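If you want the building blocks of each chain, they are given just below.
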Amino acid sequence: MKINIDLIKQQLFADPKIRARILRDYGIEKQPFNAHELGMSVVGMFDQEPSPQPLQQSVNNAQVFRAAVKSLGSNSRAWATFLKFEPALRELLHDYDPVQSALDLSQHKLALEQIKTCLPGQSSSADALAIKQWADLLSGEENYYAYIQDIGRVFQWLYLDQYDKQLKDIHLLLCLVGYLAYPPLTWPGTRCLSAQTKQSRFHLRKLPGMGYPLASEFMRNLHWNGFKPDRHIQRIFNRWFPDRTTVASDVQRLQVLIGRNDRNLNTYLTYSLIGIVAAPENVALSQVDNFVWLLGAYIEKKGKRVSEKLSY
């Protein structure tokens, strides 16, 4: 059973009030002529087109910093709100230069309060602090993405060694998010890491200010293809796909690879894998995720069911 993206687009477009709210919340000024144009206008705002080879791509620290700030900026606030303040935030952070940003913060030329004003909402203090931590982390590493690449290659080797199969990038993303959001104290792949990674500071392993959902968003901002299964996604998947045992073996397999077995990781892996199985071919997982999220946030709210057949 596959998610019917075209029907979701039609439902988002059909009600003028809902359509107006979406355009407002995402800061889209041009009026769409049809359902497809509305949908693609929304997903285009995120700049998350998947890379064909995400582990092999070249990513500098400024790009990593930008991806992290965008992820934190999406935390508990409308995307249009972040977009409104993003130019000012980008200027404060020297066009996402982590070295200069960390220097300004350490010399009190830039205060956390200034960053907070660009991140209105209940999580502003935590998000501002996390941005500072990211600047500090990246200013101390010449090439942070090389660290992600090293861990990713080890995951690929572990999977091939244990299961005699290649680990797909969409599943590698789940491993990386599971590892980087809450690094395990012990990991079977540690022995295979490069000497440089082994010598890195211990706190380098943890993505500052990010649990599994924000870590997923961070990786998608780095053009990885995957789901961010938050409460809206989980609620809708619970109704559409009530039998979660279908992915239980894959969840367990990835948990062993990651070296953790806790409830939040199980939830993240379960709903991500359900989404992967249910996503239609030739549609990026991040787009499928965004459309299902829009449906849950604007139409199929908690306790309200209005859609009919949304699968085929």
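Everything in this summary refers to the structure shown in the same document.

Cut-offs applied
Every chain is numbered independently, its residues counted from 1 as its sequence is written. In keeping with the model being predicted, local features are shown solely for residues with a pLDDT of at least 70 and side-chain atom pairs are shown and tallied solely at 80 or more, while totals for entire chains, interfaces and linings include all residues. As a rule here, side-chain values cover all heavy atoms of the structure and leave hydrogens and water aside. Every helix listed is a DSSP run of H or I at least four residues long, and every strand listed is a run of E at least two residues long, numbered separately from the N terminus. The angle between two axes is taken between their N-to-C directions and runs from 0 to 180 degrees, where each axis is a line fitted to C-alpha atoms and a helix contributes only its stretch in contact. Our angle categories are set so that under 35 degrees counts as roughly parallel, over 145 as roughly antiparallel, 65 to 115 as roughly perpendicular, and the remainder as oblique. Definitions for this section: a left-handed crossing has its near helix turned counterclockwise from the far helix by less than a right angle. A right-handed crossing has that turn clockwise. Here, two residues are considered to be in contact whenever any of their heavy atoms come within 4.5 Å of each other. Residue polarity is assigned by list, with Asp, Glu, Lys and Arg as charged and Ala, Val, Leu, Ile, Met, Phe, Trp, Tyr, Cys and Pro as nonpolar; anything else, Gly included, falls into the polar class. In this text, buried Ala, Val, Leu, Ile, Met, Phe, Trp, Tyr and Cys residues form a nonpolar core when linked through side-chain atoms within 4.5 Å. Each residue is assigned to one of three classes by its accessible area relative to the maximum for its type, calculated with a 1.4 Å probe on protein chains only: buried under 20%, partly exposed between the two thresholds, exposed over 50%. Grid spacing is 1 Å over the protein atoms alone, the probe is 1.4 Å, and a cavity is where that probe fits but cannot get out, while a pocket is an open set with protein on both sides within 12 Å along at least five of seven lines and lining residues have an atom within 4 Å of a point. Grid points are joined across faces, edges and corners, and a volume is the space filled by probe spheres set on the points.

Concerning the environment of proline 52
Residue position: proline 52 is located in the loop between helix H3 (35-44) and helix H4 (61-73). In sequence terms proline 52 and aspartate 169 are 117 residues apart; their C-alpha atoms lie 9.3 Å from each other.

Overview of the packing of helix H9 (residues 144-163) against helix H14 (residues 248-258)
Running from N to C, H9 and H14 point in directions that differ by 125°, and their axes come no closer than 10 Å. The orientation of H9 relative to H14 falls into the category oblique. Handedness of the H9/H14 crossing: right-handed. Counting all contacts with H9, which are made through Phe155, Leu158, Tyr159, Gln162 and Tyr163, the residues of H14 involved are Arg253, Val256, Leu257 and Ile258. Among the residues making up the contact of H9 with H14, the classes are represented as 7 nonpolar, 1 polar and 1 charged.

Looking at the nonpolar core
In this structure, Ile3, Trp134, Phe155, Phe218 and Phe237 are the most contacted members of the largest nonpolar core, which totals 100 residues. Leave out the neighbours within four places in its chain, and phenylalanine 237 touches Ile3, Phe227, Pro242, Tyr271, Ile274, Gly275 and Val292.

So, the environment of aspartate 127
Its location among the elements puts aspartate 127 in helix H8 (residues 124-139). Among the residues examined, aspartate 127 registers a relative accessible area of 2% and is labelled buried. Residues aspartate 127 and leucine 72 lie 55 residues apart in sequence; the distance between their C-alpha atoms is 5.8 Å. Setting aside chain neighbours within four positions, we find aspartate 127 in contact with Leu72, Asn75, Arg77 and Leu119.

Topic: the layout of surface pockets
If you add up the space inside the largest pocket, you get close to 720 Å³. The set of elements that each furnish at least two residues to the lining of the largest pocket consists of helix H2 (16-25), helix H12 (212-221), helix H13 (231-240) and helix H16 (285-298). Examining the composition of the lining of the largest pocket, we find that 5 residues originate from one element, H16, more than from any other. The residue inventory of the lining of the largest pocket, partitioned by class, reads 9 nonpolar, 7 polar and 9 charged. By volume, the second largest pocket is sized at about 190 Å³. As for the second largest pocket, its lining consists of 14 residues, and the residues nearest its centre are Tyr159, Lys165, His171, Asp250 and Arg253.

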